[in-house]
Amino acid sequence: MSQTVVRPPQIRRALGKKRAGGLAILFAFMLFFYGPLLYMFILAFANSYNFPAIMPNEFGFMWWDYVFKQPNTLVSITNSFLFAVCSTALSFVICIPAAYALARFQFTGRKLVMFLFLLGNAFPKIGMYTSMGIIFYKVGLMGTFMGVLLIHMLGTMMQMIWLPAGAFRSVPRHLEEAARDAGAGPLRTFFKVTLPVAWPGIAVALLYAFIGSLGESVGTLFVGLPQWRTMMTEMYGVILDFPATAGAVFALLLIIPNFVLLLLMRKYIGAETMAKGFKMS
Amino acid sequence: MLEIINMTKLYKTGDGVKDINLTIREGELVTLLGPSGCGKTTILRTIGGFLNVDGGDIRIAGQSIIHLPPEKRPTSMVFQAYNLWPHMRVFDNLEFGLKLRKIPRAERARRISEMMALVKMSGMEKKYPGQMSGGQQQRIAIARALLLEPQVLLLDEPFSALDAKIRQQMREELRKIQTDLNITVAFVTHDQEEAMALSDRVVVMNKGNIEQEGSPQDIYHRPQSRYVADFIGEMNFLQMPDKKVLAVRPEHVEVSPGSGGDLDGYVRTIMMLGHYIEMTVDTDHGIVKAFISDEQAQSFGRGDAVTLRFGRKQEYTTP
């Protein structure tokens, strides 16, 4: 009788230990994962900071002011978005029809085309950039807008073919046939039925392409400098020439657009659609 | 009205249909019946325009349609699944085709509400397909096809994905709508019961060929080949000498005690199947299934010596 009364508290303690252990692991993981980000966040708003102190002496917006006063900053931010928008939009126009063809039509060389495309992205990018650089020198594309755009499109085109092809493949054929049956031609069927139904996968592809382009660095450095600067290429310079606090500000500047994009996507496209989009690939 | 003349469609694998000749008269409901791979869907899709023919012709009201794309053919199709566009409401699904034909808004709304009432789905206009059951979706699919006022309505196993009870209901409603509106229909199914219940004529198919064509009664009572006899309803096959096979339906087998009938045997099993009893009898030529009444079942037991008398029967020669 007394045993049954004693047992519950013992169990509670045992559970507590297990839960405490789990929480500790979670805490350690969160620290490892978010610690550097948090630190960088603090640094960005540190007016004066002396290593090896952990916390800054003074907080403020001094370094934000400094970074924005640099002549290259605003230019590089504009350029990053310029290239992201242009490469994503151009890839969209070129790749969506190609993705549809790859998904729906059985033409000779189809497997070869898919393989070659995949191959292009399987190689270390440095090799691709070097060979592109050689050709660009010959053709006069080095340091030009078009040259950098082509570099960015290497990445965006991959995104806009692979995921959309999967999305188109997952559109049930009967839906398209029903539209034709109802009197719609192939083009109308594509815009009124195929594209809307495949939209989740395509939206995710657009997101990946845009964010990928914002993060493009090595190729842009190689081909674009010094005429075309993006935030990523500026980052190299900032890290080298300026104190850690300026670097932290710049890093935050890089993170903000990605974060905003994800929020916008979540609001206008919805978490469910995005999940469906990932599933579609 | 619909004429298929020497039509051939072959796939790379060698499957397909060859030299198909078939006519469907106006107002007729003809069913293409057969197992998977027999070619019934192939024929339907060539009529609808979703497959090109390799040879022959398809004519509707005398005009050849084989060079027309699906959107220009006077046919409309209901598929087994994935009919309705999920990103559009029921009303928009129904309106799609009418808008393309430049029918004015008020007239569109009128036709749609009339059709919704016909398929007993009034009030569901603002729903999305994903919010409806399978049966409801198929009703809307049929409504949409009918709104296009096709000269031939094509249905590709439209009820196969539905529950048995709903299937029956849909069958009856479709038949009623079809006869009321005198619509010409080509129906495809693998369910022989469905084919018999719905059709004016049944076309039994096997491996790309038409085995037999006729009214449900014809097909049932006078199957011309062993394949058709076996496919439709229940049939007993008894191996006879000289490569002959005797075929007789369970309901045409009369069971009496003792001997002296067409064939003697011993009672093997007696099974209660609801409104009738099924008895199997062991004979020298194989196991025979017979349908007997409750009273008869009382008088027989397993192992009893019985004699069988055959009513309507067919004889086939094995090649």
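Model, not experiment: these values are computed from the prediction.

Cut-offs used in this document
- Residues numbered from 1 in each chain as written.
- Chains lettered and ligands numbered in written order.
- Predicted model: local features only at pLDDT ≥ 70, side-chain atom pairs only at ≥ 80, totals over all residues.
- Helix = DSSP H or I, 4+ residues; strand = E, 2+ residues; numbered from the N terminus.
- Contact = placed C-beta atoms within 7 Å.
- pLDDT = per-residue confidence, 0-100.
- Axes fitted to C-alpha atoms, helices over the stretch in contact; angles between N-to-C directions.
- Parallel < 35°, antiparallel > 145°, perpendicular 65-115°, else oblique.
- Left-handed = near helix turned anticlockwise from the far one by under 90°.
- Pairing = 2+ DSSP bridges.
- Buried ≥ 20, exposed ≤ 12 C-beta atoms within 10 Å, placed from the backbone.

Things to note about the overall build of chain A
Within chain A, the regular secondary structure consists of 12 helices and two strands. Order of helices (α) and strands (β) in chain A, N terminus to C terminus: α-β-β-α-α-α-α-α-α-α-α-α-α-α. At a minimum sequence separation of 6, the contacts of chain A that also span at least 24 residues come to 73%.

Looking at the interface of chain A and chain B
The interface of chain A with chain B comprises 14 residues on the first partner and 18 residues on the second. For the side of chain A that touches chain B, the secondary structure elements donating two or more residues are α7 (173-181) and α8 (186-214) of chain A.

So, the confidence of the model for chain B
In regions of low pLDDT, the predicted coordinates are not meant to be interpreted in detail. Confidence in the prediction for chain B averages 94 pLDDT; 100% of positions are at 70 or higher. Scoring the predicted complex yields pTM 0.84 and, for the interface, ipTM 0.89.

Quick look at the packing of helix α2 (residues 90-100) of chain B against helix α4 (residues 134-147) of chain B
Residues and elements named next belong to chain B. Running from amino to carboxyl end, α2 crosses α4 at an angle of 20°, the nearest separation of the two axes being 9 Å. In terms of their interaxial angle, α2 and α4 are classed as roughly parallel. Considering the relative orientation of α2 and α4, their crossing is right-handed. On α4, the residues that touch Val90, Asn93, Leu94, Gly97 and Leu98 of α2 are Ile140, Ala143, Arg144 and Leu147.

Focus on unusual backbone geometry
With an omega of -10°, the peptide bond running from Leu225 of chain A to Pro226 of chain A counts as cis. Note that Pro226 of chain A resides in the loop between α9 (218-224) and α10 (231-241). Phi is positive for Lys120 of chain B, which is not a glycine, with a value near 60°. Structurally, Lys120 of chain B is set in the loop between α3 (105-118) and α4. In this structure, Asp242 of chain B is a non-glycine residue whose phi angle is positive, near 65°. Within the secondary structure layout, Asp242 of chain B lies in the loop between β11 (236-240) and β12 (244-248).

Here's the deal with the sheet that holds strand β14 (residues 263-272) of chain B
Residue and element names in this part refer to chain B. Read from one edge of the open sheet, five strands run β13-β17-β14-β15-β16, paired in antiparallel fashion. At either margin of the open sheet sits one strand with a lone partner, and together these are β13 (253-257) and β16 (286-292). Averaged over all neighbouring strand pairs, the angle between strand axes comes to 45°, with direction disregarded. By the bridge criterion, five bridges tie β13 to strand β17 (residues 305-310) in an arrangement that is antiparallel. Paired with Ser256 across the strands is Thr307, a residue of β17.

A look at the pairing of strand β8 (residues 185-189) of chain B
Walk down a regular strand and you will see the side chains alternate between the two sheet faces. All names here are of chain B. Burial of β8 is extensive: five of the five residues sit out of reach of the surface. Side chains Val185, Phe187 and Thr189 project from β8 onto one buried face, and the interleaved Ala186 and Val188 project onto a second face that is buried too. Direction of pairing for strand β3 (residues 29-33) relative to β8: parallel, over a ladder of five bridges. Bridging across to β8, Leu29 finds its partner in Val185. With four bridges joining them, strand β7 (residues 152-156) and β8 adopt parallel strand pairing. The partner of Asp156 across the bridge, within β8, is Val188.

Examining the sheet that holds strand β10 (residues 209-214) of chain B
Residue and element names in this part refer to chain B. One open sheet holds the six strands; their spatial order is β6-β7-β8-β3-β9-β10, and the pairing between them is mixed. Each edge of the sheet is formed by a strand with only one pairing partner; in this case those strands are β6 (75-78) and β10. Strand-to-strand twist of the sheet, defined as the mean angle between neighbouring strand axes without regard to direction, takes the value 20°. Bridge count between β3 and strand β9 (residues 201-206): four bridges; the pairing is parallel. Among the inter-strand pairings, Leu33 is bridged to a residue of β9, identified as Val204. Of the strands in this sheet, β3, β6, β7, β8 and β9 touch helix α1 (residues 40-48), which is tilted by about 145° from β7.

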